[in-house]
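Each chain, letter by letter, is given below.
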Amino acid sequence: MGTGSTYCCPNCGYRKELHYGAGFRSFVSEKVKKEILEGEYGRNAQRVVQVHPDASCAWYRPLFHCTCGYYSVKYSVHIWGSDGLLYSPSMRCYRCHRKMWEVEDVTSAFPCPKCGTLMEETDFVCWD
C-alpha cells in the first residue's frame, strides 16, 4: 500500500503533494521485468536485467530528498539477484541538480525548501 500526503508551509504557503511507496504493482513480477527490458526504467536497470536474466524485479515509487530541501518521487524498480540487491534507483534534484537520497523513514513534517519552516501535513491518503 502506498502513501500520499500533501504538505503545506504555514509561513510562505509552499505546497507539495507526494505519493510514494508500493501499490498493487509492487510485487515481484515478470511484467515489471518486461517493462525494464523495454527500457521504461532507464538503461542502468535494463542492463542489470540483461546481465542477470533470473533476477527478481518489483515496482515502487521511492521518495527522494536533496540537501537543498527539495523532495520528489519517481516511478522506479528494485532488482534482486541471488546475492542480494542488484539495482536501486537514483535521482538528481530538479532544483540544484545534486544527487538526491532515498528517504527510508518518512516523517510527518519536514522543512520547507523555500523558507525552512516546518511544513504541515494537510491531507493523507493510502493508495494502491
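All values reported here derive from a predicted model rather than from experimental measurement. (Residues numbered from 1 in each chain as written. Predicted model: local features only at pLDDT ≥ 70, side-chain atom pairs only at ≥ 80, totals over all residues. Heavy atoms only, no water.)

**Observations regarding the side chain of lysine 16**
With respect to the helices and strands, lysine 16 occurs in strand β2 (residues 15-21). Buried charge without a salt bridge: lysine 16, with glutamate 17 as the nearest opposite-charge side chain at an N-O distance of 9.9 Å. In this structure the side chain of lysine 16 is engaged in a polar contact, spanning 3.4 Å, whose partner is the backbone oxygen of tyrosine 71. If we skip the residues at most four places from it in the chain, lysine 16 touches Ser5, Thr6, Tyr7, Tyr70, Tyr71 and Met119. (Helix = DSSP H or I, 4+ residues; strand = E, 2+ residues; numbered from the N terminus. Buried < 20%, exposed > 50% of the residue type's maximum accessible area, 1.4 Å probe, protein only. Lys, Arg positive; Asp, Glu negative; His and termini not counted. Salt bridge = Lys/Arg side-chain N within 4 Å of Asp/Glu carboxyl O. Polar contact = N/O pair within 3.5 Å; in protein donor to acceptor, adjacent residues only side chain to side chain. Contact = heavy atoms within 4.5 Å.)

**Examining unusual backbone geometry**
Positive phi is not limited to glycine here, since histidine 97 has a value of about 70°. Assignment of secondary structure puts histidine 97 in the loop between β7 (84-87) and β8 (101-102). On the accessibility criterion, histidine 97 (55% relative accessible area) is exposed.

**Comments concerning the environment of glutamate 102**
Along the chain, glutamate 102 falls in strand β8. On a C-alpha basis, the gap between glutamate 102 and phenylalanine 64 in space is 4.3 Å, while along the polypeptide they are 38 residues apart. For glutamate 102, the side chain forms a polar contact with the side chain of tyrosine 60, separated by 3.0 Å.

**Quick look at the pairing of β7**
Side-chain direction in a regular strand flips from residue to residue, so the side chains alternate between the two faces of the sheet. Two elements, strand β6 (residues 76-81) and β7, share 3 bridges in a ladder whose sense is antiparallel. What sits directly across from isoleucine 79, in β7, is tyrosine 87. Between the antiparallel neighbours β6 and β7 lie 2 residues. (Pairing = 2+ DSSP bridges.)

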